[in-house]
Amino acid sequence: MATHAGSERSEAQVQAQVGAGPHGPASHGSHHGNSVAAWTMVIIVALGSLVGAVGICIPSITVIVVGAVIVVIGLIAGKLLSLAGYGTVKPADEEASHGVG
C-alpha cells in the first residue's frame, strides 16, 4: 500500500471517522436485542407458539390454551429479566450511568 508522509491513519481512526465497526456500520448503543432477556423471551415464546400450532393441528382447545399460557409466561419472563438487568442498555440509561444529562 502506498502511503504519503503524514497521511497514515490506523484502521481504528478510519472506522471512528466513518462510524463503522468491524462488523458493519456502528449504531450507537444498538445491540439488536442480543441479551439474555431477549433470547429467553424468544425461545419461550417460540416454544409456546409451537405448542399452540400443534393444538391447532390436532384440534385441542386445551393444547392451544397451554401454548398461549406459555407465550404469556415467555413475555413476562423476558420483561422480568430485563428489569433485573439482563436486557440491553437504552441510550438514555447509558448516558445516565455515565453522569451525563
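Note that the coordinates shown come from a computational prediction; the quantities given were computed from them, not determined experimentally.

Draft legend 1. Fine view of the overall build of the protein. Scanning the protein from terminus to terminus reveals four helices and two strands. In sequence order, the secondary structure elements of the protein are arranged as α-β-β-α-α-α. The buried share of the protein, reckoned over its 101 residues, is 11%. The long-range fraction of contacts in the protein, counting pairs at least 24 apart against all pairs at least 6 apart in sequence, stands at 53%. About 7,700 Å² of surface is accessible on the protein, with carbon and sulfur atoms providing 68% of the total.

Draft legend 2. Local environment of helix α2 (residues 36-57). The first and last C-alpha atoms of α2 sit 32 Å apart over 22 residues, in line with the 32 Å expected at 1.5 Å per residue. Residues of α2 that are buried: Ala 37, Gly 48, Gly 52 and Gly 55. Buried residues of α2, seen end-on, are gathered within an arc of 50° and therefore sit on one face of the element. Turned more than 90 degrees away from the buried face of α2, the exposed residues are Trp 39, Ile 43, Leu 50 and Cys 57. Residues of α2 that are buried make contact with α3 (61-86).

Draft legend 3. Summary view of the environment of Val 45. By the secondary structure assignment, Val 45 is in helix α2. On a C-alpha basis, the gap between Val 45 and Val 72 in space is 7.6 Å, while along the polypeptide they are 27 residues apart. Setting aside residues up to four positions removed in sequence, Val 45 forms contacts with Val 71, Gly 74 and Leu 75.

Draft legend 4. Up close: the packing of α2 against α3. Running from N to C, α2 and α3 point in directions that differ by 175°, and their axes come no closer than 7 Å. Comparing the axis directions of α2 and α3 gives the class roughly antiparallel. By residue class, the composition of the contact of α2 with α3 is 19 nonpolar, nine polar and no charged.

Draft legend 5. Up close: the environment of Val 69. Here Val 69 is to be found in helix α3. Relative accessible area serves as the criterion here: at 45%, Val 69 is assigned to the partly exposed category. With 21 residues separating them in the primary sequence, Val 69 and Gly 48 have C-alpha atoms 7.4 Å apart.

Draft legend 6. Geometry of a nonpolar patch on the surface. A grouping of Ile 56, Ile 61, Ile 64, Val 65, Val 69 and Ile 73 is seen on the molecular surface, where their side chains present a nonpolar patch of about 560 Å² in accessible area. No other element matches α3, which puts five residues into the nonpolar patch. Checked against the element boundaries, Ile 64 lands in helix α3.

Conventions adopted
Residues numbered from 1 in each chain as written. Predicted model: local features only at pLDDT ≥ 70, side-chain atom pairs only at ≥ 80, totals over all residues. Heavy atoms only, no water. Helix = DSSP H or I, 4+ residues; strand = E, 2+ residues; numbered from the N terminus. Buried < 20%, exposed > 50% of the residue type's maximum accessible area, 1.4 Å probe, protein only. Contact = heavy atoms within 4.5 Å. Areas by Shrake-Rupley, 256 points an atom, 1.4 Å probe, with all protein chains shown as cover. Expected span 1.5 Å × (residues − 1). Arc of directions from axis to C-beta. Axes fitted to C-alpha atoms, helices over the stretch in contact; angles between N-to-C directions. Parallel < 35°, antiparallel > 145°, perpendicular 65-115°, else oblique. Nonpolar A, V, L, I, M, F, W, Y, C, P; charged D, E, K, R; others polar. Patch = residues over 30% accessible without salt bridge, like charges linked within 9 Å, V, L, I, M, F, W, Y side chains within 5 Å. Salt bridge = Lys/Arg side-chain N within 4 Å of Asp/Glu carboxyl O.

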